[in-house]
Every structure is written in C-alpha cells, then in structure tokens.
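# Geometric and topological summary
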Amino acid sequence: MKGIVDRIEGEYVVLEVNGEMIDIERNLFPKGIKEGDIVELVDNEYVILGDETAMRKEAIENLFDDLKK
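Predicted, not measured: the structure shown is a model, and the values here were computed from it.

Basis of the calculations
- Residues numbered from 1 in each chain as written.
- Predicted model: local features only at pLDDT ≥ 70, side-chain atom pairs only at ≥ 80, totals over all residues.
- Heavy atoms only, no water.
- Helix = DSSP H or I, 4+ residues; strand = E, 2+ residues; numbered from the N terminus.
- Buried < 20%, exposed > 50% of the residue type's maximum accessible area, 1.4 Å probe, protein only.
- Contact = heavy atoms within 4.5 Å.
- Areas by Shrake-Rupley, 256 points an atom, 1.4 Å probe, with all protein chains shown as cover.
- Lys, Arg positive; Asp, Glu negative; His and termini not counted.
- Charge placed at Lys NZ, Arg CZ, Asp CG, Glu CD.
- Pairing = 2+ DSSP bridges.
- Salt bridge = Lys/Arg side-chain N within 4 Å of Asp/Glu carboxyl O.

The next point concerns the overall build of the protein. Summing up its helical and strand segments, the protein has 1 helix and 5 strands in all. Going residue by residue from the N terminus, the α and β elements of the protein occur as β-β-β-β-β-α. The principal-axis extent of the C-alpha atoms belonging to the protein is close to 45 × 25 × 20 Å. Counting every position in the protein, which comprises 69 residues, the buried fraction comes to 22%. Within the protein, contacts between residues at least 6 apart in sequence are counted, and of these 30% link residues at least 24 apart. Approximately 5200 Å² of the protein is accessible, and the part contributed by carbon and sulfur atoms is 50%. Averaging the positions of the 9 positive and the 18 negative side-chain charges in the protein gives two centres separated by 7 Å.

This is how it looks when you write it as structure tokens:
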C-alpha cells in the first residue's frame, strides 16, 4: 500500500490512500517522517519513497509557479 502523509497527530500519522484518510500508528514509520512524504508499506513497516516525494514536490512547485505567472 502506498500513500501520502497528510499530517501527523500525536501518536498517529494520517495517510491519504486513494482519496481516503487512514490513521496509522506513528511507530510504524521511520523517524523524520513529515507531511507530504510518499510512503509504502514493506514488511509491516512504512518506508519513505524519496524519489517519488521529490518528484511530487517539484511538480507542485511548478504548478504554483505557473499560477503566479
């Protein structure tokens, strides 16, 4: 399962998965997890997909720049 970190609330990470929000215990995620990270469940733990996160961030920044023009 792949998702995007929407927010962190106390001991839970709220993931957006296929348009739905799911609360998952924070201890299943690596330290340093932050909003906007794309994660995937691997062997009962979530891993950050750094390349996908960076590409998503760049795409959002490009859209914002286009709006400013």
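Let us look at the pairing of strand E4 (residues 38-42). The sheet contact formed by strand E1 (residues 2-9) and E4 spans 3 bridges and is antiparallel. By the bridge assignment for E4, lysine 2 is matched with glutamate 40. Between the antiparallel neighbours E4 and strand E5 (residues 45-48) lie 2 residues, among them aspartate 43 with a positive phi of about 50 degrees.

Another point: the pattern of salt bridges. Evaluation of the coordinates by the stated rule reveals 5 salt bridges. Across the pair arginine 7 and aspartate 6 runs a salt bridge, and its minimum N-O distance is 2.4 Å. Judged by its relative accessible area of 31%, arginine 7 falls in the partly exposed class. Arginine 7 is paired through a salt bridge with glutamate 9; the nearest N and O atoms lie 2.7 Å apart. Look at glutamate 9 and you get partly exposed, because its relative accessible area is 43%. Taken together, the shared-partner salt bridges in this structure form one network comprising Asp6, Arg7 and Glu9.

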